[in-house]
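Topology and contacts: notes
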Amino acid sequence: MTQTLSRLPALTPPAAELPARAEALRAEVREFLADERAAGAWTPRSDVWLSGWDEDFTRRLAARGWLGMTIPAEYGGHGASPLDRYVVTEELLAAGAPVAAHWVADRQIGPSLLRHGSEAQRRKYLPGIAAGEVYFGIGMSEPDSGSDLASVRSRATKVDGGWSLTGTKVWTSGGHHAHAFFALVRTSPPEEGKRHSGLSQLIVDLHADGVTIRPIPLLTGAHHFNEVVFDDVFVPDDMVLGDVGSGWGQVTGELAFERSGPERFLSTFPLLAALVGELSGADLGPAGRRELGSLVARLWALRRMSLAVAGSLASGEAPELAAAVVKDLGTRFENEIIDAARLLVSIPPDPGAEGGYARLLADAVLHAPGFTLRGGTNEVLRGIVARGLGLR
Amino acid sequence: MTIPVVDPDLVELAASVFADATDGNLWDTLEQTGLARLAVAEDAGGSGGSLLDLGAVLVEAGAAAAWAPLAETDLGCRLAAAAGLEVPAGPLTFALDAPLTVDGDAVSGTLTRVPWGRSAAAVVALTADSVVVLDPATATVVEGTNVAEEPRDTLSWSAATAAVAPAPEGAAAEFARWAALSRSLLLAGAARGALTRAVGYAGEREQFGRPIGRFQAVQQQLALAAAEVAAGGAAAESAARVVVRDGIAAPTAQLAVASAKVRTGQAATEVARIAHQVHGAIGFTREHDLRLTTTRLWAWRDEDGTDGDWAARIGDLTLAAGADGLWSLVTA
C-alpha cells in the first residue's frame, strides 16, 4: 500500500553561523557580566525578563551600547545587526541578569516603531529606548480576550484631535514602571465576516489622565503584572501607531519577532547552571549523567534552531512556522529543566532564600505556568504549525 | 556571513533516485549518478562532494528509507583513507571497536551486527591499534537484521589475509563521531519521511464525515511531531556544519555530534509514536509503507551509540564544564 507523498514545508530555515564580529562581542559581554557578578551588582534569577527590573543595570547596558542595538544611529541606536543583538541577549539571559526594565522596549517596541511608527514617534521614543531611559509595556490581552486577541473590547472613539479610549488591559508586565505601552484597541466595528478589521494600535502614555494601573500579583506574590484601566483617556492623533484599522497585521508581525528568541528557552537556564554546580563532585551515576546530557543536547539543538530563525529574520524573511516551533519546544524545555533538577538533586525549592539553587528552583516552579502561555499559548502555536502543514 | 550551501539540484537528484529506484537496482543507480561515493575525493574514486552534500543526501536517503549502505560506504572509504589503505569498488561497510586479532596480515575474530555485511565488497574495521580491510567472501556469515530488517550480520574470519595499517591517533573517538553524525542525518530524514506520510494520511483518511486531519486533537499531535522533525533536522544539519567548520576531532564537534544523535533519537521516538497513532491499525501492518520509516527510526536511534550512550557523554562534558563553564560549552 503506497500513497503519493507531497513535500512538507520547510520546518526550519537553513542553519546559521554567527559572524566573527558577533563572537568578539560575546567576549565583551561576558567580561562585563563577570565584573558585574564580582561586584555583587545583582543575583542571578530565573525568568529575569519578566521579574528582573533594575533600571540602573539597564542604564549600564545602554552605556555599553547594548540597548537599541538595531536602531539606526540617527535615532540614537547603534545600527548593529540583529545577530549582534541576539548574542548580547542570550548572554544576559544565560547569566540571569535583570533585563526586565528595557525588555519590551528593546525587543519589540523599537522594531515596531521603526516599521510602523511616524517620524515624530521615532524621534520621541527611540533615543530614550536606546539610552535605557524609556520603558514600555504591552497592551494586548484583556479580561475576556486572551488567545482570541481579535475579540478585544477596549474602544477608542474619535474626538477632536485624537481618540477617547475606554477599556481594560491585563497582564501588562512592568506597567507600573513603564512610561507608555502599545494598546490594541477597536477603533471601528468589524466589517461583516472580517473580525480582524477595525483594530488599531495606540501609543498610550501610562501617566495620562484617566489611566488607572492596579497590581496583579503573580504566584510568587511579586508585582510584575498589572491591570490597566482606561476611563475616557485622550490619545492624540499623532499617537496612533501605523494606520488606523491596521492594528491586527501590525500586532501579529510583532508577535512573530518575539516567538523564537533566546528568551523562549533560557528562562530557567540559571537553574540549570546551578543544578550543574550542585552536581559537581556528586556521584551522579549513569542514569543521572544521561538525564543531564539529554537536557544539554536539547538545549544545544534549540539554540541552533533559534539561531537559524534569527538568521532568517535578519535577512528579511518571516519564518512563522519555525518561530512557532521554537517557542513550543523551547518553553517546554524550560519546564524540563525543573523536572530534571528535581530528579537529580534533593533540595526543595525555597522562595525565601536570597539566591542559589533553592531560590532559583522556587522561582522557576512558580513562574513555569507562564512559559507556555505568554506570546501565544503552545496550543495556539501548534494550530499555526498545523496550518503550515496544510491541515487547516 | 558566508554559509556553505548545498546545491538544490543535488537534493532533487537524490530524492528522485531514491523515489524511482527499486531496492534491487538502487546501488547501481547510486554508482551511475555518483551518489554512492559522493563525499570521497575524486582521486580516490569518489565524486569529490562536500560533507554538507553528503549530509543532504543522507537526509533524503532516510526520508525515502533507501535500501543501500550509503553511510556505511562513506565511512568505510573514510576510515581506509585515514589509514592509507585501498578499498575495492562497490558497497562497503565498517566496524568500530572491532575485537579482531591481527597477526601480520592475518586477521582472525568475529564481528557482530555488521551493517550490510553479507553484500559488502569489503569491511573496513578499526581495532584497538589497526585498520584492516577484510573481504566478507572469506568470512563465515550468519545473517541477522535490525528491527527495520536491514542486514546486520555476524562475520567470522580465521587467519584471513587482509590489508592492515596502523590506526591513526584518535581514530576510535573520531570515527564513532562520524558514524553517529551519519546516523543522525539518516534519522532526521526518516523522521521527516514518517511525518510526511502521517500528514498525507490525515488529509486522506475520513472518519466522522471528514478527514481526521481536520480534528484539533490530530492537528495538535502532528504539530508536536513536526516540532520534533524540525529539532532533529536542525540538530543534524548544525552538527554537520560544526564538523565542516571545526573538524571532527574538535571538542565542539564532540558536543555537536553527540547532541545531534541524542536529539534525533528523541525525535525518532516521538515521531514514530505519533505517526502510528495517526495511521491507526493500518500503519501497524506490513501492508502499509509507514513501517519503512518508523522501523528505521526505532532501529537507528539505538545504532552507532544509543541516545543514552551519547547523552551520558554529554553529561560528562557538562560536569567537566561545571556551573560556570556550561554556557560556554553550549555556545562554542
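Residues numbered from 1 in each chain as written. Chains lettered and ligands numbered in written order. Predicted model: local features only at pLDDT ≥ 70, side-chain atom pairs only at ≥ 80, totals over all residues. Heavy atoms only, no water.

Regarding the overall build of chain A
Counting its regular elements, chain A contains 12 helices and eight strands. The C-alpha atoms of chain A give a radius of gyration of 21 Å, which matches the 21 Å a tight globule of 392 residues would have. Here the C-alpha coordinates of chain A stretch approximately 70 × 65 × 40 Å along the principal axes. Buried residues in chain A amount to 58% of all 392 residues. (Helix = DSSP H or I, 4+ residues; strand = E, 2+ residues; numbered from the N terminus. Rg over C-alpha atoms; globule rule 2.2 N^0.38 Å. Buried < 20%, exposed > 50% of the residue type's maximum accessible area, 1.4 Å probe, protein only.)

Points about the domain arrangement of chain B
Residues and elements named next belong to chain B. Segmenting chain B into domains produces domain 1 (8-166) and domain 2 (171-331). Computed over C-alpha atoms, the centres of domain 1 and domain 2 are 23 Å apart. The interface of domain 1 with domain 2 comprises 27 residues on the first partner and 30 residues on the second. With both chains or domains summed, domain 1 and domain 2 bury close to 2,300 Å², and 69% of this area falls on carbon and sulfur atoms. At the boundary of domain 1 with domain 2, the tally comes to five salt bridges. (Domains from an automatic or database assignment. Contact = heavy atoms within 4.5 Å. Buried area = accessible area lost by both parts, 1.4 Å probe. Salt bridge = Lys/Arg side-chain N within 4 Å of Asp/Glu carboxyl O.)

Side note on the interface of chain B and chain A
Counting residues at the interface gives 63 residues for chain B and 54 residues for chain A. In this structure, the connection of chain B to chain A is made through three salt bridges. Note that B:Asp316 is salt-bridged to A:Arg289, the shortest N-O span being 2.6 Å. At the junction of chain B and chain A, the tally comes to 12 residue pairs in polar contact (both at pLDDT 80 or more). At 19 residues, the largest contribution of residues to the side of chain B that touches chain A is made by helix 6 (residues 216-246) of chain B. Along the lines of polarity and charge, the residues of the side of chain B that touches chain A split into 32 nonpolar, 16 polar and 15 charged. (Polar contact = N/O pair within 3.5 Å; in protein donor to acceptor, adjacent residues only side chain to side chain. Nonpolar A, V, L, I, M, F, W, Y, C, P; charged D, E, K, R; others polar.)

Concerning the sheet that holds strand 1 (residues 92-95) of chain B
Residues and elements named next belong to chain B. The mixed open sheet is built from four strands, whose spatial order is 1-4-5-8. In the strand order of this sheet, the two ends are held by strand 1 and strand 8 (163-166), each with one partner. Each adjacent strand pair in this sheet contributes to an overall mean axis angle of 15 degrees, direction not counted. Two strands pair when backbone bridges link them, and strand 4 (residues 122-126) and strand 5 (residues 130-134) are joined in this way by four bridges, in the antiparallel orientation. The residue bridging Ala-125 from the neighbouring strand is Val-132, located in strand 5. (Pairing = 2+ DSSP bridges. Axes fitted to C-alpha atoms, helices over the stretch in contact; angles between N-to-C directions.)

Let's talk about the domain arrangement of chain A
All names here are of chain A. Segmentation of chain A into domains returns domain 1 (20-134), domain 2 (139-245) and domain 3 (259-388). The C-alpha centroid of domain 3 is placed 31 Å from the C-alpha centroid of domain 2. With four residues of domain 2 in contact, the opposing surface of domain 3 contributes six residues. Both faces considered, domain 2 and domain 3 share a buried interface measuring about 390 Å² in area, 74% of it formed by carbon and sulfur atoms. Looking at the side of domain 2 facing domain 3, the largest losses of area belong to Ser-147, Leu-219 and Thr-220, adding up to 87% of the total buried there.

Focus on the packing of helix 5 (residues 171-204) of chain B against helix 8 (residues 290-300) of chain B
Residue and element names in this part refer to chain B. The geometry of helix 5 relative to helix 8 is characterised by a closest axis approach of 9 Å and an angle of 145 degrees between their N-to-C directions. Classified by chirality, the crossing of helix 8 by helix 5 is left-handed. Taking contact as the criterion, the partners of Arg-183, Leu-186, Leu-187, Ala-190, Ala-191, Gly-193, Ala-194 and Arg-197 in helix 5 are, on helix 8, Leu-290, Thr-293, Thr-294, Arg-296, Leu-297 and Trp-300. Class assignment for the residues of the contact of helix 5 with helix 8 results in eight nonpolar, three polar and three charged. (Left-handed = near helix turned anticlockwise from the far one by under 90°.)

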